[in-house]
Structures are given as C-alpha cells and as structure tokens.
Amino acid sequence: MPGSETAATGQRFDVNLSILFTELPLLERPAAAAAAGFTAVELWWPWIDAPAPEQSRLDALQRAIEDAGVQLVGLNFYAGQLPGPDRGALSIPGEESERFRANIDVAAGFAESLGCKALNALYGNRVEGVDPAVQDDLALANLALAARAADRIGATLLIETLNRPESPLYPLVSAPAAIEVVEGVNKATGLGNARFLMDLYHLSRNGEDLPSVIEQYAARTGHVQIADNPGRGAPGTGSLPLEELLGLLRKAGYDGWVGLEYKPGDRPSAEAFDWLPLEARAAR
C-alpha cells in the first residue's frame, strides 16, 4: 500500500484503541494516538467486566479522549469477553442478554458525551442446545432497543460480519447475512439507522469477492475497518490490495471513517503506521 498513493486519497482514518496501543493503559492510549498524528479513534467496549461501570471510570476515559484532542468516532456496545471467547452478548439468552440491555443506555450516553455517531452491536455466538430461531428473535428485540437508543443521540447502529475461521460459532459470517439483519432491524423500528460495518479483513478471511461486496453494499455501509490478510497486520504485511479496495469504496460513494483495526506485530504500536504518511493521518 504505497504511502504516496495513500496520502492522495483523502480517506478519513481512525485508530482502534482496543487492538492498537494496548501495550499502554487504556487512559494513555488516546494521547498516544494523537502523538502518532491521528485525530480520531474508536473502541470496543473497554470494560469487559462491567456493562454499566462506575461513572468515575466513564468520566476518566472521557477526559482522556478530550484532553488528547481526538474524536471518538466508533464505540462497541458491551460484547462479553472481547478480546476472548465471546463475540457479543445480545443474542445470548439469560444473563448476557440482560447485561447487553443494561449497557445500551450507558454506551449511548457515553457516545453522546463525546459526539460519537456510530455504535457497533456484535451479534453473539450460537449457544449449544438453544434453537437458533430463539436467538435470532432475541437479537432482533435487543437490536431494536439499541437502534432506538442510537437514534436518540443521532447515531448509527452498526452490524458487523466476522470470519468463520476465527469465529466459528458466530452466525454472521457473510456480508449478505449481516445485511439481512440490518434490513430486519430497520423494518422493525422504522428508523432506518441500522447500517453495515464492512470489515475488509473479516470478509477476506471468508473468501468473499470484495469488489462485489463493495459494489453491492457500499450504500448501506456505515463504517469500514481494515487489516491485511493473512495475519491481521498493518497494510502491506499481507496480500490484500487495500489501496485498490478503498479506492473502490470511494468510487461507490463511501466517504465515512476507515478504522485501523489491526495488530501491530512485534513492535510498539507507534511504529505500525509507516504505511501511512504523517500528513494523511489527521482527518480532513
């Protein structure tokens, strides 16, 4: 992914602080992203043990983001043990679903406090012994609640495809599967604020035709994430033609954020952005 070409794209990049800069404490990561030249960040739900943490923890993270001078542009709802074995909570009957519901207004309130306009809701794994239809009905009910909460703060609800090799129990492992859920939520609420989170790494791991996915679904995409494949490393460490794919997204009309959701490898995160010139890191 040649740096000179990337600099000319005008793409808006943000750094995912739940996979990059994790060698630092959470509250130091926004400033580290800013020091690397970025002006926007995104996060998985930071407190895997607490869907509704003490206000002091929320306030401290808000201050860290504001003091760093970066914009929070994406936030996950509570998703269970992530990183870890879980892939979301909203379709898991019982305690996990209740924890997701307890998180909805907390996450939306935190997003609103920072002007964040995109909330990602990971669907959750299939549970042995539970009818998938029961999980899907529960998911639709919870996603409708999340969509309404997002709408109250003027935000988009994102639905993400993951990849089958790494998430074999996750049911949304194709772009059409996620789009079907997006359409179901929009039909249920009438709000139209559910959108597709297009993660090019996950889609490539599933063997999907990425140019075709972009052509078909760019108009229904609310956020994009990238990592190279294989390896989930920085652009240029694998074989995905990310520059070409981002160009196709732009031609298809996508002008939203591109989240850098990749692993830095065996080096400090600050050294994992050499593919992207400094002048291209700040959102314009």
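Residues numbered from 1 in each chain as written. Predicted model: local features only at pLDDT ≥ 70, side-chain atom pairs only at ≥ 80, totals over all residues. Heavy atoms only, no water.

Per an unreviewed UniProt entry, the protein is named TIM barrel protein, and its organism is Streptomyces himalayensis subsp. himalayensis. For the record of the protein, the UniProt heading Sequence similarities (unreviewed entry) holds the text "Belongs to the hyi family." (UniProt positions renumbered as here; feature names shortened; annotations may be inferred.)

Caption draft 1: Highlighting the pairing of strand β3 (residues 71–76). Most of β3 sits out of view: 5 of its 6 residues are buried. As paired elements, β3 and strand β4 (residues 118–120) share 2 bridges and run parallel to each other. Bridging across to β4, N76 finds its partner in N120. Assessed by its sense of winding, the connection that carries the chain from β3 through helix α4 (residues 95–113) to β4 is right-handed. (Buried < 20%, exposed > 50% of the residue type's maximum accessible area, 1.4 Å probe, protein only. Helix = DSSP H or I, 4+ residues; strand = E, 2+ residues; numbered from the N terminus. Pairing = 2+ DSSP bridges. Right-handed = clockwise from strand over helix to strand, strands pointing away.)

Caption draft 2: Representation of the side chain of R87 within the structure. Positionally, R87 belongs in the loop between β3 and α4. Put simply, R87 is tucked away with no salt bridge, and the nearest opposite charge, on E166, sits 6.6 Å away. One polar contact links the side chain of R87 to the main-chain carbonyl oxygen of G84, over a distance of 2.8 Å. Residues contacting R87, with those up to four places away along its chain left out, are A79, L82, L122, Y123, G124, N125, L162, E166, S167 and Y170. (Lys, Arg positive; Asp, Glu negative; His and termini not counted. Salt bridge = Lys/Arg side-chain N within 4 Å of Asp/Glu carboxyl O. Polar contact = N/O pair within 3.5 Å; in protein donor to acceptor, adjacent residues only side chain to side chain. Contact = heavy atoms within 4.5 Å.)

Caption draft 3: Seen up close, the UniProt feature "active site" (unreviewed entry) in the protein. Mapped onto the present numbering, the UniProt feature "active site" (unreviewed entry) falls at E160 and E261. Spanning 102 residues, the named residues nonetheless gather at one spot, since no C-alpha pair among them exceeds 13.2 Å. Looking at the secondary structure, you find E160 in strand β5 (residues 156–160). Taking relative accessible area as the criterion, E160 reaches 4% and is therefore assigned buried. Discounting chain neighbours no more than four positions away, the residues touching E160 are N120, L122, Y170, L172, A178, L197, D199, H202, Q225 and E261. Along the chain, E261 turns up in the segment after β8 (257–260). In this view, E261 contacts N16, I19, W44, E160, D199, Q225, I226, A227 and R232; residues no more than four positions away in its chain are not counted.

Caption draft 4: Spotlight on the UniProt feature "domain: Xylose isomerase-like TIM barrel" (unreviewed entry) in the protein. The feature "domain: Xylose isomerase-like TIM barrel" (unreviewed entry), as given by UniProt, occupies residues 31–276 in the numbering adopted here. The span residues 31–276 is 40% helix and 14% strand, and its two end C-alpha atoms sit 19 Å from each other.

Caption draft 5: A look at the pairing of β5. Judged by how many residues are buried, β5 sits mostly within the fold: 4 of 5 residues are covered. As defined by bridge partners, β4 adjoins β5 across 3 bridges and the pair is classed as parallel. The residue bridging L119 from the neighbouring strand is L157, located in β5. In this sheet, strand β6 (residues 194–199) lies alongside β5 in parallel orientation, the contact comprising 4 bridges. Following the sheet pairing, E160 is matched in β6 by L197. In this region the chain leaves β5, passes through helix α6 (residues 175–189) and returns to the parallel neighbour β6; the handedness of that crossover is right-handed.

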